[in-house]
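# Observations on the three-dimensional arrangement
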Amino acid sequence: MSEQEKDQKNAEPQVETVEEQQAAAAAEAEAVEPTAEEKLADVEAELAKVKKALAEADVRAQAEVQNVRKRAERDVQHARKFALEKFAGDLLSVADNLERGLAALDADDDALKGAREGIELTLKSLLDAFARYNIEQINPADEPFNPELHEAMTMVPVPNMDPNSVIEVLEKGYQLNGRLIRPARVVVSKAP
C-alpha cells in the first residue's frame with residue numbers, strides 16, 4: 001500500500017453504531033460530570049468547612065473584643081490612679097522646702113517660735129493632703145538600703161553599723177499608690 005492509500009484510510013471516519021455512540025457519551029459524561037449526589041456531598045463538605053472557619057473566627061473576635069475591653073478598663077484605672085503623679089511630683093519640692101525651713105529655724109529661739117509653728121502646721125496640712133490622695137512619704141532612716149526605693153548619694157565607712165544601712169536621709173522619697181514618684185536620697189554605710 002502506498003502512502004497515499006494509508007493516509008486516505010486513516011482519514012476516513014470510522015462509523016460507529018448509535019448504541020456505541022450513546023454508551024461512549026454516557027461514559028464521557030459520567031467521567032467528566034459528577035452526579036447530583038456527589039455535587040451535594042461536595043457542597044455540604046465545603047459548607048461544613050466554612051461553618052467551622054466562621055465559628056473559629058467568631059471565637060477569636062469575641063476574645064479580641066474582651067481583651068480590648070479589659071485593656072481599656074485597665075488603662076482607665078491606671079489613668080485615675082496615677083493622674084496626680086506629675087502634679088504630686090511638682091508639690092514634693094514644696095514639702096522639701098518646708099522641711100528645710102523647719103530645720104533652719106532655731107527651736108530654742110522664742111522670737112522664731114510663731115514662724116516655726118506656722119511652718120509645722122503648713123507642712124502637716126500638706127502631708128495630710130498627700131495622705132488623702134495616697135501619696136506616701138519614704139523616710140528610710142536606720143533601715144537597710146533598698147535600691148528600688150532609695151538612691152544612694154554617697155557611702156560612708158561607719159564601724160558600729162551594718163554595711164548597706166541608711167545612716168542619713170538627705171531627701172525623703174514619695175510613692176503614689178505604690179508607684180515610686182521620687183526615690184529617697186540617702187547616705188549609706190559601708191564596712192570600714
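Below is a short write-up of the structure. (Residues numbered from 1 in each chain as written. Predicted model: local features only at pLDDT ≥ 70, side-chain atom pairs only at ≥ 80, totals over all residues. Heavy atoms only, no water.)

Taken as a whole, this structure holds 1 aromatic pair when the rule is applied. Their ring planes at 80 degrees and their centres at 5.7 Å tell us that Phe130 and Tyr174 sit as a pair that is edge-to-face. In this pair, Phe130 is assigned in helix H5 (residues 113-132) and Tyr174 in strand E4 (residues 173-176), connecting sequence segments 44 residues apart. For the pair shown, Phe130 and Tyr174 are each scored as buried. (Phe/Tyr/Trp six-rings, centres within 6.5 Å; stacked < 30°, edge-to-face > 60°. Helix = DSSP H or I, 4+ residues; strand = E, 2+ residues; numbered from the N terminus. Buried < 20%, exposed > 50% of the residue type's maximum accessible area, 1.4 Å probe, protein only.)

Take unusual backbone geometry next. The phi dihedral of Asp142 is positive, around 65 degrees, even though this residue is not glycine. In this structure, Asp142 sits in the loop between strand E1 (135-138) and strand E2 (150-157). A positive phi angle, near 50 degrees, is found at Asn177, a position not held by glycine. For Asn177, the location among the structural elements is in the loop between E4 and strand E5 (179-182).

For helix H4 (residues 85-104), built from 20 residues, the straight-helix expectation of 28 Å at 1.5 Å per residue is met to within 8% by its first-to-last C-alpha distance of 29 Å. Those residues of H4 not exposed but buried are Ala88, Leu92, Ala95, Asp96, Leu98, Glu99 and Leu102. Of the surrounding secondary structure, the elements contacted by the buried residues of H4 are H5, E1, strand E3 (166-171), E4 and E5. (Expected span 1.5 Å × (residues − 1). Contact = heavy atoms within 4.5 Å.)

The subject of this paragraph is the sheet that holds E4. Consider a sheet: its strands pair through backbone hydrogen bonds, and that pairing is either parallel or antiparallel. Spatial ordering of the open sheet is given by E1-E4-E5, a layout of 3 strands whose pairing is antiparallel. Strand pairing shows two members of the sheet lacking a second neighbour, E1 and E5, which therefore form its edges. Taken pair by pair, the neighbouring strands of this sheet meet at an average axis angle of 35 degrees, ignoring direction. Across 3 bridges, E4 lies against E5 in antiparallel orientation. When the sheet's bridge partners are listed, Gln175 is paired in E5 with Leu180. (Pairing = 2+ DSSP bridges. Axes fitted to C-alpha atoms, helices over the stretch in contact; angles between N-to-C directions.)

On to the sheet that holds E3. The 3 strands are arranged E2-E6-E3 in an open sheet whose pairing can be described as mixed. Edge positions in the sheet fall to E2 and E3, since each of these pairs with one other strand and no more. Averaged over neighbouring strand pairs, the angle between their axes works out to 25 degrees when direction is ignored. Sheet topology places E3 next to strand E6 (residues 184-190); 4 bridges connect them, and they run antiparallel. Bridge pairing in E6 links Glu168 to Val187.

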